[in-house]
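Commentary on secondary and tertiary structure
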There are 2 protein chains.
Amino acid sequence: MRSLTVFPKEEYAGRLKKVKDKMAENGIDVLFLSDPANMNYLTGYDGWSFYVPQMVIIFLEDEEPYWFGRAQDVNGARATSWLSPCRLLSYSDEYVHSTTKHPMEVLAAWLTQHKKNVKRAGVEMEAYYFSPRALERLESGCKGITFIDANLLVNEIRLIKSKNEIGYMKKAGQIAALAMEAGVNAVKEGARVCDVAAAVSQAQIRGTDQFGGDYPSIVPLIPAGALTYAPHVTWTDEKIKAGDPLIIELAGCCSRYHAPLARTVTAGKPEPEFKRLSAAVIEGVETVLDYIKPGVTCEEVEQKWQSVIARYGFCKDSRIGYSIGINYPPDWGEHTASLRPGDKTVLRPNMAFHLIPGIWLEEMGVEISESFVVTKNGCETLSKYPQIEET
Amino acid sequence: MRSLTVFPKEEYAGRLKKVKDKMAENGIDVLFLSDPANMNYLTGYDGWSFYVPQMVIIFLEDEEPYWFGRAQDVNGARATSWLSPCRLLSYSDEYVHSTTKHPMEVLAAWLTQHKKNVKRAGVEMEAYYFSPRALERLESGCKGITFIDANLLVNEIRLIKSKNEIGYMKKAGQIAALAMEAGVNAVKEGARVCDVAAAVSQAQIRGTDQFGGDYPSIVPLIPAGALTYAPHVTWTDEKIKAGDPLIIELAGCCSRYHAPLARTVTAGKPEPEFKRLSAAVIEGVETVLDYIKPGVTCEEVEQKWQSVIARYGFCKDSRIGYSIGINYPPDWGEHTASLRPGDKTVLRPNMAFHLIPGIWLEEMGVEISESFVVTKNGCETLSKYPQIEET
């Protein structure tokens, strides 16, 4: 069958070269990647199989990485990655969710037998889907190898996007705008919040007539009414009441690349306090987007935001954004640059961020966000969707 | 605002008692739970916040557990859990995705100051969302405390469901049937696979007129055509061709309780080999469902399946099912009992399983599944949906 690999092989080769340069810098002979986004970034592998241990393994000395996963998922690796079939290693089902056996024992045994020159191994100590037991089994099976923390080694490389990657993010931005439109249109007095979520999800996956949508790393987050003070509540099946505010936070996703987008809408006329809060957030977002250009730092961007909302008498002590791109559940953030005090990352062209400066008061919250790519002279938002709605 | 906690407080109290009994048996003074399903099971806490470190902490000596999470998520814990506000501990945003600070440092400092009598701590060494670094920071911040692996301690208790839990699983089963119907109806020559996925997702979240749907722990898995040999591929935006088989694996979800369901359908007339494979799987499923009753073991159930497909000349070496219930991404399985050789778990009333004996050949796969609850004399499937479809 035809390969589903998303990028040309040269693009993967370029990424791999950057990773190996960093490995060499850090004296790492072998890098074990368990973050599904990093696995995909380097091999193209894409599947909902990260609920069992799996890895991409890069040897400094080897041309091609290895994929290691459940035997059942080898076919998926053949279909989606650019790797040669002989690079796909696997373990059998008796190792799945077993209390006595662990897939990392299989990997360690293979390594011990086939790669005798390895001295220093890098692992992702804070990646999702890499458990303390996985580390323990891998380490104890690999006698004589020193394990060091290589967390974010690949994520840092992902910060600057290629033209192809930005192409997918712009498609994701189009999907996000369509999904937001579907959600906003479903907000009506008497409708259920779950029906709004259903409309959003349908539009996210349908995508456009030209290209379909992928599943975003986070489901629609739609806190409504008094729940708007709780940003990570998903949705309920309560009916929407007149004047209720609803936060709709969602992303468009295309080939695993994300463009998140949040709006806060009300069913009918909003409360005066809601309008004042919205106005502050909108002015803050606009001011920040005008300010962004290559050369400014992440913490300067956050300062700009603070200066706007301070004039309204509000304060928000959490970060207002983070780097985005390719990702898998449970998060679309890249865990590298954050728009917050102390982050001195300098913005450079082709970095991409989700700017999400919500304000949550005791009884109400407003979130209005934009995803943007840093350009030569400023920035470009990924979705075109108006910033305030009363429905 | 009104509390969103799902079960009566007595039900949580009963669960907590069972957990404490097991803690006492194992000499554990304090149990750190990072599995979001276990957190919810004991406190009701529900939010898409598991992409940052969070925990429920149970002290053997204390009446009420503690919740520990990001400051921004305290409101969500107030809204969804039964815990008193003074039991909600938090860390500020400077600890989120930081390369220098870690939330577990905050938790360790609190513990050291307030709980001086703790000697032995249990942690979930193989739970999702508990990283090797989190363990390292927690351990090194808690001098004098011995850490032991308490993985699955709570999951084992979850194996037997209460009447209330089965009520939610039956609702989930109704949603699963509706979602399957929506998916099957969308399968047509010329339609895109993503449009089938969109229809499924919309139906999963809409639920019924009486109750809404929750997001399942796994997105719809819809490998089509030759991709049916790759069970964890999600979907593409390719058009469906006449005769193409499509696997639709999905779950209905209600208040985080799951009822998974899989069918394999074809757009138009199926190939003869597909029909032969389907017939074997259907006979296997039916034979197994007839066989199930309290007293038989998980491995005996799997043996029954093997005896049917052997007659057709097929073999399948992966497990054919697993325990299900409350869960969060990335998995709806409970990681305890599996229907496979070597698993000697004895079936008891009110256990629930997903029986999913797919067979994947070199170029094609068929999955037909049922979720069931073990009853006094046999079992009851959670969804009512026919087992074969040509559309």
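Going by an unreviewed UniProt entry, chain A carries the name Xaa-Pro dipeptidase and comes from Alteribacillus bidgolensis.

Observations regarding the overall build of chain A
Helices and strands together make up the secondary structure of chain A, namely 10 helices and 16 strands. At 22 Å, chain A has a C-alpha radius of gyration in line with the 21 Å of a compact globule built from 391 residues. Each of the three principal axes of chain A carries a C-alpha extent, and together these read 70 × 45 × 40 Å. A buried classification covers 67% of the 391 residues belonging to chain A. Here chain A displays about 13,600 Å² of accessible surface, and carbon together with sulfur accounts for 50% of that area. Across chain A, the 43 positively charged side chains and the 50 negatively charged ones have centroids separated by 5 Å.

Let's talk about the sheet that holds strand β14 (residues 370-374) of chain B
All names here are of chain B. With respect to topology, 5 strands assemble into an open sheet ordered β10-β9-β11-β14-β15, the strand pairing being antiparallel. Single-partner strands in this sheet number two, and they are β10 (333-338) and β15 (379-381). Averaged over all pairs of adjacent strands, the angle between strand axes in this sheet comes to 40 degrees, irrespective of strand direction. Sheet topology places strand β9 (residues 321-324) next to β10; 2 bridges connect them, and they run antiparallel. Residue pairing in the sheet places isoleucine 324 in a bridge with glycine 333 of β10.

With respect to helix α10 (residues 298-312) of chain A
All names here are of chain A. If you check α10, its first and last C-alpha atoms are 23 Å apart, about what 15 residues at 1.5 Å a residue would give, namely 21 Å. Every buried residue of α10 is accounted for by Cys298, Glu299, Val301, Glu302, Trp305, Val308 and Ile309. Looking at the packing, one finds that the buried side of α10 touches α9 (272-291), β10 (333-338), β11 (352-355) and β12 (359-360). Just downstream of α10, glycine 313 is the residue with a positive phi angle, here 85 degrees.

A look at the interface of chain B and chain A
Chain B puts 78 residues into the contact, and the matching count from chain A is 78 residues. Taking both sides of the interface into account, the surface hidden between chain B and chain A amounts to around 6,500 Å²; carbon and sulfur atoms contribute 56%. Considering only the side of chain B, the residues that lose the most area to chain A are Trp48, His97 and His232 of chain B, jointly responsible for 12% of the buried surface there. Inspection of the region where chain B meets chain A yields 3 salt bridges.

Describing the packing of aromatic side chains
Aromatic ring pairs are described here by two measures, namely the spacing of the ring centres and the angle between the planes. Enumeration according to the criterion identifies 39 aromatic pairs over all chains in this entry. Note on tyrosine 128 of chain A and tyrosine 129 of chain B: the rings are 6.1 Å apart at their centroids and 80 degrees apart in plane angle, and the pair reads as edge-to-face. Within this pair, whereas tyrosine 128 of chain A is found in the loop between β5 (120-123) and α5 (132-141), its partner tyrosine 129 of chain B is found in the loop between β5 (120-123) and α5 (132-141), the two belonging to separate chains. By the burial criterion, tyrosine 128 of chain A is buried, and tyrosine 129 of chain B matches it. Taking the centre distance of 6.3 Å and the plane angle of 20 degrees together, the rings of tyrosine 168 of chain B and tyrosine 257 of chain B count as stacked. Highlighted residues: tyrosine 168 of chain B in helix α7 (residues 163-186) and tyrosine 257 of chain B in strand β8 (residues 257-266), separated in sequence by 89 residues. As far as the burial class goes, tyrosine 168 of chain B and tyrosine 257 of chain B line up, both buried. When the ring centre of phenylalanine 59 of chain A is taken as origin, the NZ or CZ atom of lysine 115 of chain A, which lies over that ring, is 4.5 Å away.

Quick word on the packing of helix α8 (residues 193-206) of chain A against helix α8 (residues 193-206) of chain B
One way to put it is that α8 of chain A packs onto α8 of chain B with a least axis distance of 8 Å and a crossing angle of 170 degrees. With respect to α8 of chain B, the axis of α8 of chain A lies roughly antiparallel. For the pair α8 of chain A and α8 of chain B, the contacting residues are Cys194, Asp195, Ala197, Ala198, Ser201, Gln202, Ile205 and Arg206 of chain A in the first and Cys194, Asp195, Ala197, Ala198, Ser201, Gln202, Ile205 and Arg206 of chain B in the second. Residues that form the contact of α8 of chain A with α8 of chain B fall into these classes: 8 nonpolar, 4 polar and 4 charged.

Quick look at the relation of the copies chain B and chain A
Screw-axis analysis of chain B against chain A gives a translation of 0.0 Å along the axis, an RMSD of 0.0 Å, and a rotation angle of 180 degrees. The transformation relating the two chain copies, once decomposed into turn and shift, fits a two-fold axis. When C-alpha positions in chain B are compared against the rotation axis, the closest is assigned to proline 132 of chain B, at 2.2 Å. Take the interface residues of chain B: 100% of them recur as interface residues in chain A, which is what a same-surface contact looks like.

Some remarks on the nonpolar core
Considering soluble globular proteins, one finds that nonpolar side chains tend to be buried as a cluster. Counting 222 residues, the largest nonpolar core has Phe32, Leu138 and Ile248 of chain A together with Phe32, Leu138 and Ile248 of chain B as the members making the most contacts within it. Not counting residues within four places of it along the chain, the set of residues in contact with isoleucine 248 of chain A comprises Met180, Gly183, Val184, Val187, Val196, Val200, Leu221, Ile222, Leu261, Ala262, Arg263 and Val265 of chain A.

Some words on the pairing of strand β7 (residues 245-254) of chain A
Residue and element names in this part refer to chain A. Counting buried positions along β7 yields 10 of 10 residues, so the element is predominantly enclosed. Covered by surrounding structure in β7 are Pro245, Ile247, Glu249, Ala251 and Cys253 together with Leu246, Ile248, Leu250, Gly252 and Cys254, the residues of both alternating faces. Here β7 pairs with strand β8 (residues 257-266) via 10 bridges, running antiparallel. Bridge pairing in β8 places leucine 246 opposite valine 265. Taken together, β7 and the strand that follows it, β8, pair antiparallel across an intervening segment of 2 residues, in which serine 255 is found at a positive phi of about 50 degrees.

Quick word on the sheet that holds strand β14 (residues 370-374) of chain A
All names here are of chain A. Across the sheet, 5 strands lie side by side as β10-β9-β11-β14-β15; this open sheet has antiparallel pairing. Looking along the sheet, the strands with just one partner apiece sit at the ends: β10 and β15 (379-381). Between one strand axis and the next, the sheet turns through 40 degrees on average, direction left out of account.

Let's talk about the side chain of lysine 115 of chain B
All names here are of chain B. One can find lysine 115 in the loop between α4 (103-114) and β5. The exposure class assigned to lysine 115 is buried, which follows from its relative accessible area of 18%. There is a polar contact of 2.7 Å between the side chain of lysine 115 and the side chain of aspartate 62. Dropping the residues within four chain positions of it, lysine 115 is found in contact with Phe59, Asp62, Tyr66 and Trp110.

Some thoughts on the UniProt feature "domain: Creatinase N-terminal" (unreviewed entry) in chain A
Per the UniProt annotation, the sites labelled "domain: Creatinase N-terminal" (unreviewed entry) are residues 15-160 of chain A. In residues 15-160 of chain A, the share of helix is 37% and the share of strand is 18%. The end C-alpha atoms are 11 Å apart.

Description of the side chain of arginine 87 of chain A
Residue and element names in this part refer to chain A. Tracing the backbone shows arginine 87 in the loop between α3 (74-80) and β4 (88-91). Here aspartate 62 takes part through its side chain, which lies 3.2 Å from a polar atom of the side chain of arginine 87. Among the polar contacts made by the side chain of arginine 87, one reaches the main-chain carbonyl oxygen of glutamate 64 at a distance of 2.8 Å. If we skip the residues at most four places from it in the chain, arginine 87 touches Asp62, Glu64, Pro65, Tyr66 and Trp67.

Calculation criteria
- Counting restarts for each chain, with residues numbered from 1 along the sequence as it is written.
- Here chains are named by letter from A upward and ligands by number from 1 upward, in the order in which they appear as written.
- In keeping with the predicted nature of the model, local features appear solely for residues at pLDDT of at least 70, side-chain atom pairs appear and are counted solely at 80 or more, and the whole-chain, interface and lining totals rest on all residues.
- The side-chain quantities take in all heavy atoms of the structure and omit both hydrogens and water.
- Runs of H or I in DSSP of at least four residues are treated as helices and runs of E of at least two as strands, each being numbered from the N terminus.
- Two things to know: the radius of gyration comes from C-alpha atoms, and the globule rule equals 2.2 Å times the number of residues to the power 0.38.
- Three exposure classes are used, based on accessible area relative to the maximum for each residue type with a 1.4 Å probe and protein chains only: buried under 20%, partly exposed in between, and exposed over 50%.
- Areas reported as accessible are Shrake-Rupley estimates using a 1.4 Å probe. Residue values count occlusion only from the protein chains shown.
- Positive residues here are Lys and Arg, negative ones are Asp and Glu, while His and the chain termini are left out of the count.
- One atom stands in for each charge, and that atom is NZ of Lys, CZ of Arg, CG of Asp or CD of Glu.
- Between any two strands, pairing holds if DSSP finds at least two bridges.
- Lines fitted to the C-alpha atoms define the axes, with helices restricted to the stretch that makes contact. Angles between their N-to-C directions range from 0 to 180 degrees.
- Expected helix span is taken as 1.5 Å per residue step, with the number of steps being one fewer than the number of residues.
- Any pair of residues with heavy atoms lying within 4.5 Å of one another is described as a contacting pair.
- We define buried area as the total accessible area lost by two parts upon association, computed with a 1.4 Å probe and summed across both.
- Any carboxyl oxygen of Asp or Glu that lies within 4 Å of a side-chain nitrogen of Lys or Arg is treated as forming a salt bridge with it.
- Only centres within 6.5 Å qualify two rings of Phe, Tyr or Trp (six-membered ring in Trp) as a pair; their planes then separate them into stacked at under 30 degrees, edge-to-face at over 60, and tilted for everything else.
- Charges are assigned to positions over rings by a cutoff of 6 Å between ring centre and Lys NZ or Arg CZ, combined with an angular limit of 35 degrees from the ring normal.
- Every angle not falling under 35 degrees, over 145, or within 65 to 115 is termed oblique; those three ranges are roughly parallel, roughly antiparallel and roughly perpendicular.
- Amino acids are sorted into nonpolar (Ala, Val, Leu, Ile, Met, Phe, Trp, Tyr, Cys and Pro), charged (Asp, Glu, Lys and Arg) and polar (every other residue, Gly among them).
- Superposition of the copies used a least-squares fit over C-alpha atoms from residues whose pLDDT is at least 70 in both.
- Definition of nonpolar core: a set of buried residues of the types Ala, Val, Leu, Ile, Met, Phe, Trp, Tyr and Cys, connected through side-chain atoms within 4.5 Å.
- Pairs of N or O atoms within 3.5 Å make up the polar contacts considered here, provided that, within protein, one atom can donate a hydrogen while the other can accept it, and that residues adjacent in sequence are counted only when both atoms are side-chain atoms.
- UniProt positions are given in the numbering used here, feature names are shortened, and annotations may be inferred rather than shown by experiment.

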